[in-house]
Protein chains: 2
Amino acid sequence: MPKTKYIEIYEDLKQKIEKSFYEYQQLLPSENTLVKEYECSRNTVRRAIANLINDGYVQTKHGQGARVIYQDFKQNEYMFGETESFKEFAQRNHKKHETKVITFEELTVDETIHEHTRMPIGVEVYHIKRVRHLEGSPVIMDVNYFRKDVAKGLTVEIAEDSIYEYLSKELNQRAVTAKRKMVVERTTDMDEKYLKLDGFNSVVVVTSHIFNADGIMFEHTQSRHTPGNFVFFDQTQRK
Amino acid sequence: MPKTKYIEIYEDLKQKIEKSFYEYQQLLPSENTLVKEYECSRNTVRRAIANLINDGYVQTKHGQGARVIYQDFKQNEYMFGETESFKEFAQRNHKKHETKVITFEELTVDETIHEHTRMPIGVEVYHIKRVRHLEGSPVIMDVNYFRKDVAKGLTVEIAEDSIYEYLSKELNQRAVTAKRKMVVERTTDMDEKYLKLDGFNSVVVVTSHIFNADGIMFEHTQSRHTPGNFVFFDQTQRK
DNA sequence: TGGTATTTGTCCGTATGTATC
DNA sequence: GGATACATACGGACAAATACC
């Protein structure tokens, strides 16, 4: 199953940068050179490079070229830069993980919940509270609202394993856009009760609004992280 | 000074979405319709839409169209989502602001500093520590390293006002790419001494690597924020 | 159910402008 | 000034997913 051309080129260049075939501060070959190398149009090369820019791998300058600005940041083993489920993260890092369900109930969105989640009033949702354990320590508390019409058939068992795995494998539902907001808040009694705070009197609160391919906001989640193992990366390009 | 066509279209569509001319959950007109409306090629329309996707304003689906997923999030007046200088931020929000310089020295990068900042050994830098005050409260401690060959002629006076203003106006230097990492750490004695922590025993530490148009990493900054007024937004699209 | 039109996604080629070397 | 290189814009062709009748 061949991917698209520009993705192939993008991944090839990306790998060559990661392996220092193209080194930090070096210019990539010119677009016209790459056109010959990959036997494609200039547009296609430019799409590939646009993706590298977006990833913070290169930076272009008019009339000069695309310069590598990627540095190997000893891929931090901790959470979390992108959209990755807790289970995936834990498995990728070979960490013991466990999820305990605190609350599992079905509700109808009322004025209060609407205010808080922006889900339309009257919609039926699953309301789930879970505590995530890593290497035996409770480090995250998740409070989810899932639209029942999109995330049909959730159960406590699924919530203990991986809701995302269920959604993608069973229901063919995927997160397409995730909007997130991060703040640091004082711990609550709930935090104190359920999380291993290691002396911190604050938690990192990540509020997410997640949209599926149909543009429906089917999930609202508040994740409360213990400060110790929370890492966030981002990169921005200004034009 | 006319901007480029696709930026004009992008900004026009963006504004129409913000003003609910195109409403939440509604489909934009088809690309071919927009081609007629803006009298341009389809590629140009597609570039404009690609930018809207990147901003989390719309989401496209093959064969269907571009659906508006923008919701007005009562633009939080607090810090910080994008690359904006402290002075700009304070002025935009009509807040009283002040910057006090704690340390201002010139150094040569040695092994230790290199390890910490990734700046090349032997390069001369300004090393600056500053405390930022908002409405009279000390809320951020910045520790900067600026390459002297790029940020020529810095002074304490400039550091008390705005280094970025100086760089852009006097030296015509701009931040093109910013890579950032965020963690939450225990407060240090320095934090306790200089910041108004309001009972928090943690600070948000943002480490930034900033590149200019020539691809040179000319600034390394560690910003230590009091938790109370720290907000961060982001959005990601998955394909 | 099935066929057709619509709409987005990919790719190509060409031309022109502008910044850099 | 000339050569090189990226940036913008146009146009056309076809594929693939969706919507409509």
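Residues numbered from 1 in each chain as written. Chains lettered and ligands numbered in written order. Predicted model: local features only at pLDDT ≥ 70, side-chain atom pairs only at ≥ 80, totals over all residues. Heavy atoms only, no water.

**A look at the protein's contact with DNA strand D**
Surrounding DNA strand D, one finds 23 residues, the nearest of these being A:Arg46, B:Lys5, B:Asn43, B:Thr44 and B:Gln64. In this structure, a phosphate oxygen belonging to DNA strand D sits 2.4 Å away from a main-chain N or O atom of B:Lys5. Residue B:Gln64 places a side-chain N or O atom 2.6 Å away from a phosphate oxygen belonging to DNA strand D. Contributing elements (two or more residues each) for the surface near DNA strand D: helix H3 (42-54) and strand E1 (58-61) of chain A together with helix H1 (5-18) and helix H3 (42-54) of chain B. Of all the elements, H3(B) adds the most residues to the surface near DNA strand D, at four residues. (Near = heavy atom within 4 Å. Polar contact = N/O pair within 3.5 Å; in protein donor to acceptor, adjacent residues only side chain to side chain. Helix = DSSP H or I, 4+ residues; strand = E, 2+ residues; numbered from the N terminus.)

**Concerning the sheet that holds strand E8 (residues 217-225) of chain B**
The pairing of strands in a sheet happens through backbone hydrogen bonds and is either parallel or antiparallel. Ordered by their spatial adjacency, seven strands build an open sheet running E9(A)-E6(B)-E7(B)-E8(B)-E5(B)-E4(B)-E3(B), and the pairing between neighbours is antiparallel. Looking along the sheet, the strands with just one partner apiece sit at the ends: strand E9 (231-237) of chain A together with strand E3 (97-108) of chain B. Strand after strand, the sheet turns through a mean of 15° between neighbouring axes, direction not considered. As judged from the ten bridges shared by strand E4 (residues 124-134) of chain B and strand E5 (residues 137-147) of chain B, these two strands associate in the antiparallel manner. Across the sheet, B:Ile128 pairs through a bridge with B:Asn144, a residue of E5(B). Set on the sheet, helix H7 (residues 163-170) of chain B makes contact with E4, E5, strand E7 (202-211) and E8 of chain B; between it and E8(B) the angle comes to about 160°. (Pairing = 2+ DSSP bridges. Axes fitted to C-alpha atoms, helices over the stretch in contact; angles between N-to-C directions. Contact = heavy atoms within 4.5 Å.)

**As for the UniProt feature "domain: HTH gntR-type" (unreviewed entry) in chain A**
UniProt's entry tags residues 3-71 of chain A with the feature "domain: HTH gntR-type" (unreviewed entry), counted in the numbering of this structure. Across residues 3-71 of chain A, the secondary structure splits into 51% helix and 12% strand, with the terminal C-alpha atoms separated by 27 Å. (UniProt positions renumbered as here; feature names shortened; annotations may be inferred.)

**Some points on the domain arrangement of chain A**
The domains assigned to chain A are domain 1 (5-68) and domain 2 (78-228). Once you take the C-alpha centre of each, domain 1 of chain A and domain 2 of chain A turn out to be 37 Å apart. (Domains from an automatic or database assignment.)

**Things to note about the environment of A:Asp55**
Residues and elements named next belong to chain A. The residue Asp55 is located in the loop between H3 and E1 in this model. As for Asp55 and Thr236, which are separated by 181 residues in sequence, their C-alpha atoms are 8.8 Å apart. Polar side-chain contacts of Asp55 include one of 3.4 Å to the side chain of Lys14.

**Here we look at the relation of the copies chain B and chain A**
Once chain B is rotated about the relating axis by 180° and shifted along it by 0.0 Å, it coincides with chain A to within an RMSD of 0.1 Å. Those values place the two copies in the arrangement expected of a two-fold rotation axis. When C-alpha positions in chain B are compared against the rotation axis, the closest is assigned to B:Asn201, at 3.2 Å. (Least-squares fit on C-alpha atoms with pLDDT ≥ 70 in both.)

**Some thoughts on unusual backbone geometry**
One non-glycine residue, A:Gln25, adopts positive backbone phi at about 80°. Using a relative accessible area of 29% as the deciding quantity, one classes A:Gln25 as partly exposed. The backbone phi angle of B:Arg118 is positive, close to 70°, even though this residue is not glycine. Tracing the chain through its elements places B:Arg118 in the loop between helix H5 (111-117) and E4. Note on B:Arg118: relative accessible area 28%, which makes it partly exposed. (Buried < 20%, exposed > 50% of the residue type's maximum accessible area, 1.4 Å probe, protein only.)

**Focus on the pattern of salt bridges**
Residue and element names in this part refer to chain A. Tallied over the full model, the rule gives 36 salt bridges over all chains. A salt bridge links Glu37 to Lys16; the shortest N-O distance between them is 3.7 Å. Of this pair, Glu37 sits in helix H2 (residues 31-38) while Lys16 is found in helix H1 (residues 5-18), placing the two residues 21 residues apart along the sequence. Of the residues examined, Glu37 reaches a relative accessible area of 41% and is grouped as partly exposed. Ionic pairing is found between Asp198 and Lys196, a salt bridge with its closest N-O pair at 3.0 Å. (Salt bridge = Lys/Arg side-chain N within 4 Å of Asp/Glu carboxyl O.)

**Notes on the side chain of B:Asn212**
Checked against the element boundaries, B:Asn212 lands in the loop between E7 and E8. According to the relative accessible area criterion, B:Asn212 is buried, its value standing at 1%. A polar atom in the side chain of B:Asn212 sits 3.1 Å from the side chain of B:Gln173. With residues up to four places along the chain from it excluded, the contact list for B:Asn212 reads A:Gln59, B:Val150, B:Gln173, B:Arg174, B:Val176 and B:Phe218.

**Digging into H2(A)**
All names here are of chain A. Three or more residues of H2 are buried, namely Leu34, Val35 and Tyr38. Projected down its long axis, H2 carries its buried residues within an arc of 110°, all on one side. If you follow the buried residues of H2, they end up packed against H1 and H3. (Arc of directions from axis to C-beta.)

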